[in-house]
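One letter stands for each residue in the lines below.
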Amino acid sequence: MDPCVDSHSARLPPGQQLAAAHKWPVVGERLPLDMTIPWLLSAHGLVQRPRQWSVEELKRLEVVERIVDIHCVTRWSKLDMPFQGIRLAELVSLVEPLPEARFVSLVSRSPRAHSTSLPLALALELETLVCWQALGEPLAIEHGGPLRIVVPGRYFYKSLKWVEQIEFLAQDRLGYWEATAGYHNEADPWREQRYMAPRLSRQEMAKILATRDWSGADLLGLDAHARNLSGLDATRALLRDVDFRECNLRGARFDHANLSNARLQQADLRDASFVGADLEGANLAGADLRGANLSGASFFGASFQDQGSSGALEAVLDKTTQIDASVSEALTPEQAAFVRRWFESSAGPQPS
Ligand SMILES: Nc1nc2c(c(=O)[nH]1)N[C@H]1C(S)=C(S)[C@@H](COP(=O)(O)O)O[C@H]1N2
Ligand SMILES: [Mo]
């Protein structure tokens, strides 16, 4: 075997193929919004010193050259791409983020104000770059010139073209593809985190995100971590192994849905309906279940409390929560004790 091909295949994440040599596909938007006004990159939000830089000013900071492997979610890769620019870390040290700044939202000067986001600590760990040069040439406009983000080690949709704003946030703000097309928010090519629902086409996913009508859908393994899905209709949906941690699911309908092993930690489930749902092995620690109806749901092996990294997480139940008194029979002694404490408090209904 050609040793070169061999060494390349070890560097190709699963499901990726090398793009033809000397070909760099253009993906997504092809032009920024307006090239006639001067380009200014601004960094603002939860920072001590908001700032803006012209491209010339950026070039006076510490310029670095990095060799990066590009992996596009549409399955082409390009290895050993040289990029020149500055490290995001350098801009971060100049603006001094406040302690509560945990995410960066990157926004383009593009027709749809295209955007993406990353946890701040991860963006720094991956050595994210702000680039004006690739392959020894100024970045072509269609590839994001005059300034683009390059995030090594993530699918290329995290590498925003025509970056104009870096906003520091306490809460994540999903990017354009992540919010509208169901692209995975973590985007690690080695874990094939392409789409939040690996079994749906992009069109199906876009439809499901736009309508919030998931009734009867097969969404096994869906990763919806921290999304706003209030009012969702997931009646009879197959949601085994889904990740709904920290989601807003207020008023959502899960009647007769299969949520076995679902992760619902710290989800807002106020007024949600789980009548007859399968919640076996589901984790509801820290979830807000006030006003929720869990009548007839099965809870074998489910959890209502958990030992999280920042202390104990307990589900919130009150007298407006509807749950069968027999639930504790399906739980481990520890979980059953937690639920029984709630039943025995004056707030809860009395066990039969
Ligand atoms: N502003 C903007 N940035 C973007 C996109 C886009 O549509 N608009 N598409 C993303 C996607 S999906 C990919 S794969 C890369 C493509 O970059 P390229 O066209 O330089 O190959 O840009 C990313 N950044
Ligand atoms: Mo992409």
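Before reading further, recall that the structure is shown in the block above.
In this report, the structure presented in the accompanying data block is examined. Keep in mind that this is a model prediction, so the values were computed, not measured.

Things to note about the site of ligand 1
No. 1: Not every one of the 21 residues close to ligand 1 is listed here, only the nearest: Pro25, Glu29, His143, Arg148 and Lys161.
No. 2: A distance of 2.9 Å is found between an oxygen atom of ligand 1 and a backbone nitrogen or oxygen belonging to Val27.
No. 3: Within the backbone of Ser159, an N or O atom sits 3.1 Å from a nitrogen atom of ligand 1.
No. 4: Within the complex, 100% of the 530 Å² of free accessible area of ligand 1 lies under protein.
No. 5: Residue composition of the shell around ligand 1, by class: 11 nonpolar, five polar and five charged.

Quick look at the packing of aromatic side chains
No. 1: Applying the stated rule across the entire model yields 11 aromatic pairs.
No. 2: Ring geometry for Trp342 against Phe343: centres 4.8 Å apart, planes inclined by 45 degrees, an arrangement best described as tilted. Like Phe343, Trp342 is buried.
No. 3: Members of the aromatic cluster, each reached through a chain of ring pairs, are Tyr155, Tyr157, Tyr176, Trp177, Tyr183 and Tyr195.
No. 4: The ring of Tyr176 is capped by Arg112, whose NZ or CZ atom sits 4.2 Å from the centre of that ring.

Side note on the nonpolar core
No. 1: One finds Phe244, Phe254 and Phe299 to be the most contacted residues of the largest nonpolar core, which totals 52 residues.
No. 2: For this core, the leading source of residues is helix α7 (residues 333–344), giving five residues.
No. 3: Among all residues touching Phe244, those that are not within four sequence positions of it are Trp214, Leu222, Ala224, Leu229, Leu239, Leu249, Phe254, Leu259, Arg263, Leu264, Gln265 and Ala267.
No. 4: Membership of the second largest hydrophobic core comes to 30 residues, among which are Val55, Val151, Trp162 and Val163.

Remarks on α7
No. 1: Given a rise of 1.5 Å per residue, 12 residues ought to cover 16 Å, and the 16 Å separating the end C-alpha atoms of α7 matches this to within 8%.
No. 2: The complete set of buried residues in α7 reads Gln335, Ala336, Phe338, Val339, Trp342 and Phe343. Taken down its axis, α7 places every buried residue within 160 degrees of arc, on the same side. Opposite its buried face, α7 presents the exposed residues Pro333, Glu334 and Glu344, each directed more than 90 degrees away.

Details of a nonpolar patch on the surface
No. 1: Taken together, Leu31, Met35 and Ile141 make up a surface patch of nonpolar side chains, about 270 Å² in accessible area.
No. 2: As for its placement among the helices and strands, Met35 is situated in the loop between β1 (17–18) and β2 (40–45).

Some details on the pairing of strand β6 (residues 103–108)
No. 1: Of all six residues making up β6, six are buried, and the element is well covered by its neighbours.
No. 2: Residue alternation in β6 divides its side chains into two sets, Phe103, Ser105 and Val107 and Val104, Leu106 and Ser108, and both sets are buried.
No. 3: Pairing of β6 with strand β7 (residues 115–119) involves five bridges; the strand directions are antiparallel. Bridge pairing in β7 places Val107 opposite Ser115.
No. 4: Here β6 folds back onto β7 in antiparallel fashion, the turn holding six residues, of which Ala113 has a positive phi close to 45 degrees.
No. 5: Here six bridges tie β6 to strand β11 (residues 163–169), and the two strands are oriented antiparallel to one another. Residue Leu106 lies in a different strand from β11, and its bridge partner there is Ile166.

Conventions used here
Residues numbered from 1 in each chain as written. Chains lettered and ligands numbered in written order. Predicted model: local features only at pLDDT ≥ 70, side-chain atom pairs only at ≥ 80, totals over all residues. Heavy atoms only, no water. Near = heavy atom within 4 Å. Polar contact = N/O pair within 3.5 Å; in protein donor to acceptor, adjacent residues only side chain to side chain. Areas by Shrake-Rupley, 256 points an atom, 1.4 Å probe, with all protein chains shown as cover. Nonpolar A, V, L, I, M, F, W, Y, C, P; charged D, E, K, R; others polar. Phe/Tyr/Trp six-rings, centres within 6.5 Å; stacked < 30°, edge-to-face > 60°. Buried < 20%, exposed > 50% of the residue type's maximum accessible area, 1.4 Å probe, protein only. Lys NZ or Arg CZ within 6 Å of the ring centre and 35° of its normal. Core = buried A, V, L, I, M, F, W, Y, C linked by side-chain atoms within 4.5 Å. Helix = DSSP H or I, 4+ residues; strand = E, 2+ residues; numbered from the N terminus. Contact = heavy atoms within 4.5 Å. Expected span 1.5 Å × (residues − 1). Arc of directions from axis to C-beta. Patch = residues over 30% accessible without salt bridge, like charges linked within 9 Å, V, L, I, M, F, W, Y side chains within 5 Å. Salt bridge = Lys/Arg side-chain N within 4 Å of Asp/Glu carboxyl O. Pairing = 2+ DSSP bridges.

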